[in-house]
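Overview (structure and organization)
The lines below spell out each chain.
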Amino acid sequence: MRKFRIALAQINTTVGDIPGNVEKILSRMEQCVDAGVNLVAFPELSISGYPPEDLLLKSQFLAENRRALNEIVAKSRGIGVVVGFADTEAGEVYNAAAVVFDGKLAGIYRKLFLPNYGVFDEDRYFRAGDTCPVYIVDGTSIGVSICEDIWHPIGPTVIQRSIGAEVIVNINGSPFQAGKRVFREKMLATRAADNGVFLAYVNLVGGQDELVFDGASMVFAPSGDVIASARQFEEDLLIADLDVEAVFRSRLKEPRPRKEDPNWYRDVGRPVLVQVSDWNAAPCDRPPVHGRAERPYDGAAEVYRALELGTRDYVRKCGFEGALIALSGGIDSSLVAVIAADALGSENVIGVSMPSRFSSEGSVTDTELLAQNLGIELWTLPIERTFDAMLETLAPRFTETEWGVAEENVQSRIRGNLLMALSNKFGMMALTTGNKSEMATGYATIYGDMSGGFAVIKDVPKLMCYELAEYRNSIGAKPVIPQNVIDKPPSAELRPDQLDSDSLPPYEELDPILKAYVEDDVSFDGILAMGWDAETVARITGLVDRSEYKRRQAAPGIKITPRNFGRDRRMPITNRWKPF
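Now for a look at the structure at hand.

Re the overall build of the chain
In terms of regular secondary structure, the chain is built from 17 helices and 20 strands. A compact globule built from 580 residues should have a C-alpha radius of gyration of about 25 Å, and the chain, at 27 Å, falls within 12% of that. When its C-alpha atoms are laid out on the principal axes, the chain stretches across 90 × 50 × 45 Å. The averaged location of the 81 negative side-chain charges in the chain is 5 Å from the averaged location of its 63 positive side-chain charges.

Here's the deal with the pairing of strand β1 (residues 3–10)
Across the eight residues that make up β1, a large majority, seven, are buried. Relative to strand β14 (residues 236–243), β1 runs antiparallel, the two being bridged by eight bridges. Looking across to β14, one finds that Gln-10 is bridged to Asp-236. Crossover handedness for the path β1 to helix α1 (residues 18–34) to strand β2 (residues 39–41): right-handed.

Thoughts on the pattern of salt bridges
Counted by the stated rule, this structure contains 35 salt bridges. The salt bridge partner of Arg-127 is Glu-92, with a shortest N-O separation of 3.5 Å. Residue Arg-127 is located in the loop between β5 (104–110) and β6 (131–137), and its partner Glu-92 is located in strand β4 (residues 92–101); the two are separated by 35 residues in the primary sequence. The exposure class assigned to Arg-127 is partly exposed, which follows from its relative accessible area of 45%. Taken together, the salt bridges that share partners define one network made up of Arg-66, Asp-87, Glu-89 and Arg-110.

Digging into the sheet that holds strand β8 (residues 167–172)
Here we have seven strands laid out as an open sheet, ordered β13-β12-β9-β8-β7-β6-β15, and mixed in their pairing. Strands at the two margins of the open sheet, each flanked by one partner only, are β13 (226–229) and β15 (270–275). Strand-to-strand twist in this sheet, taken as the mean axis angle between neighbours without regard to direction, amounts to 20°. Relative to β13, strand β12 (residues 218–220) runs antiparallel, the two being bridged by three bridges. Each bridged residue has a counterpart across the sheet, and for Val-219 the counterpart in β13 is Ala-228.

What to know about the packing of aromatic side chains
Evaluation of the coordinates by the stated rule reveals 12 aromatic pairs. Both rings, one in Tyr-304 and one in Tyr-471, keep their centres 5.7 Å apart while their planes meet at 55°; by these two values the pair is tilted. Placement of the pair is Tyr-304 in helix α6 (residues 299–317) and Tyr-471 in helix α12 (residues 462–474), with a sequence separation of 167 residues. No difference in accessibility class separates Tyr-304 from Tyr-471, as the two residues are buried. Following the ring pairs from residue to residue traces out a cluster consisting of Phe-176, Phe-233 and Tyr-297. The ring centre of Tyr-94 lies 3.9 Å from the NZ or CZ of Arg-110, which sits over that ring.

Re the nonpolar core
Counting 47 residues, the largest nonpolar core has Leu-307, Leu-431 and Ile-457 as its most contacted members. Ranked by residue count, the leading element in this core is helix α7 (residues 331–344), at 10 residues. In this structure, Leu-69, Val-73, Ala-86 and Leu-237 belong to the second largest nonpolar core, which totals 41 residues.

Comments concerning the pairing of strand β7 (residues 140–146)
Judged by how many residues are buried, β7 sits mostly within the fold: seven of seven residues are covered. Residues Thr-140, Ile-142, Val-144 and Ile-146 line one face of β7 and the alternating positions Ser-141, Gly-143 and Ser-145 line the opposite face, and both faces are buried. Here β6 runs beside β7; their pairing, made up of four bridges, is antiparallel. What sits directly across from Val-134, in β7, is Gly-143. Between β6 and β7, which follow one another and run antiparallel, lie two residues, and Asp-138 among them has a positive phi close to 50°. Pairing of β7 with β8, which is carried by five bridges, proceeds in the parallel orientation. Looking across to β8, one finds that Val-144 is bridged to Val-169.

Reading the values: rules and limits
Residues numbered from 1 in each chain as written. Predicted model: local features only at pLDDT ≥ 70, side-chain atom pairs only at ≥ 80, totals over all residues. Heavy atoms only, no water. Helix = DSSP H or I, 4+ residues; strand = E, 2+ residues; numbered from the N terminus. Rg over C-alpha atoms; globule rule 2.2 N^0.38 Å. Lys, Arg positive; Asp, Glu negative; His and termini not counted. Charge placed at Lys NZ, Arg CZ, Asp CG, Glu CD. Buried < 20%, exposed > 50% of the residue type's maximum accessible area, 1.4 Å probe, protein only. Pairing = 2+ DSSP bridges. Right-handed = clockwise from strand over helix to strand, strands pointing away. Salt bridge = Lys/Arg side-chain N within 4 Å of Asp/Glu carboxyl O. Axes fitted to C-alpha atoms, helices over the stretch in contact; angles between N-to-C directions. Phe/Tyr/Trp six-rings, centres within 6.5 Å; stacked < 30°, edge-to-face > 60°. Lys NZ or Arg CZ within 6 Å of the ring centre and 35° of its normal. Core = buried A, V, L, I, M, F, W, Y, C linked by side-chain atoms within 4.5 Å.

Quick look at the structure:
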C-alpha cells in the first residue's frame, strides 16, 4: 500500500513581516520533518503576507520576498514544501507557489485565475500563469494550484488530473464571511469527487486590516468525503496519511473522464510533468496518522470568533497593547467591549464613560455593571462642563435657532475628542462602536462617535448585534452583558427621551431593506415587491446614498457579510443618480 503523508500548515502571517513569516514557515517545516511528512503546504503568499496590495509595486519588497524563498529552499532538507510567494520575471509579477524538495527548488506554479471582484484586485498586480504542472514527489503525483484556481470546474485541476495527478494541493488566502465555509466545503468536495483526486486545501488564518481568514483547512478523499479538517480561527498543523492507491481504484469505477475530449480544456494551461523524487518504501514504516476532524463554528458563534480574531490581530499587528472603548450603556458599545476583552484580555481594555445631562441613570449603572462583569477598568469623564463651554462659545451664532442635530453632535464630538486624547496619551487604540445599520444610514457623528482606529462591528447589522450579545451571554460561567442592555430600546441619548426609532424605522424593517439595497443591489421596485412601503424604502435608500462621504472617512472594520462598506462596495461620493 502506497501512503503519502501530507501536512497543511495553517499559519497566521503578517503583511510585510517577511522575517517573521519565514520564521513561522521554518518552524512548521521542522515539526513536519520530525513527523515523517512527505510534503507540507503553506497558504497563499505566505512569505509576503496576504494581501500585500501595493507593496507588490515596490521592487525592494519583491527582492526581499525572493531572498526569503531562497532561505526556505536551503533549509528544506528531507521534506517537500509548497509555499506561496510573489514571483517575478521579465518585469512581470506572479502570484506563485514554489515547490521545494530537499534543498532544491523543483518548480514554480503561477496562479491561472486572478480574481478581480469583491475584495480582490489581482489584475492590478499580477500576470496570470499559463502552465498546469504536476510534480512527482516521493512517487506520488502532486498538482499544485492557488485559491481561485480551484473554484473553476474547468481549471488546472482537470488538466493536472488528465496527466496523472493523484493529489491536488490548493493553497489559499480565502477571506471569511458568514456562511462561506459551508459553501466552500461543498465546492471542494465536488471538485475532489469530479476529478477522482485527493484534495488538500490549506487556508490562511488571522486578521489583516478589514479581512479575517478563518483557516478551516481540509483534506478530501477522491469520493468527496472530508477525511481531515483543521481548527477554525486558530493556527494549526493538520497531518494526514493518504492511501494514494485509492485514486487508481476510484478511477477504475468512474468512466466520465475517459469520455472527455482533451481539446475542451487544454487552452486553460499547458500540462507539464516534473519528476522530483522517486518513491521510497521506507516511509510506509511510520506509525499511521489518523485524520482528525475539528468541529467548525456556525451562526452567531462563527461571526463572534471572526470579530474576536480580527480585533486581536488588528490591534496587535498595528503595535498596540490595549484598547479604549467609549461605553454608553447601549448594546453596541457593550458588544464591542466584550469582544475586545475576549480578544485582548480584560487587563488590556479600558472602558470610558462620558455621561451628559441626557445620560439616563440606567445607562450609567449598566455601564458600571458591564465593566464589573468583564473585569475591565472604567474611567468616568463627565462632559457636562465641556458641553456648557461649547454651547457658550457657539451661542452668538446659535442664538434664536432651535435646538437640533448640531447641539446633539457637539456632545458626540466632545466624547470623540476625549477618547482620542486618551488614546494619544496612553498609546491604546480607540475602538469605535457603530454597527452596519448606522454606517449605512449615516446615523453616526463624523468626528464624534466615528472617531477611532478600528470599527469592530462596522459590518454587523443591528439585529445581528443582539444575536451576538445573546450568544456571548450563553457561554461562560455567567452572562457578561447586562440583560437590561439587551432589553431596553436603543437610544443615542443626545436629547431628552430620545430613541433610535425617532430617526429610523424599526430595525426589523431597516436591516432587511439595507441588505437588499446595499448587499444584494435589488432595485427600488424589487424592494417594494418584497412588501416594503415605498416611502420607507425611498427614505432609507436616500440616507444610504447621502452618507457615502461619512463612510469614506470611517475607521476600517471587520468584514463579515458578503458586501461590506470599504473593500467591497465602492460608490461615488458626488452622485446625482437616484433609484426612485
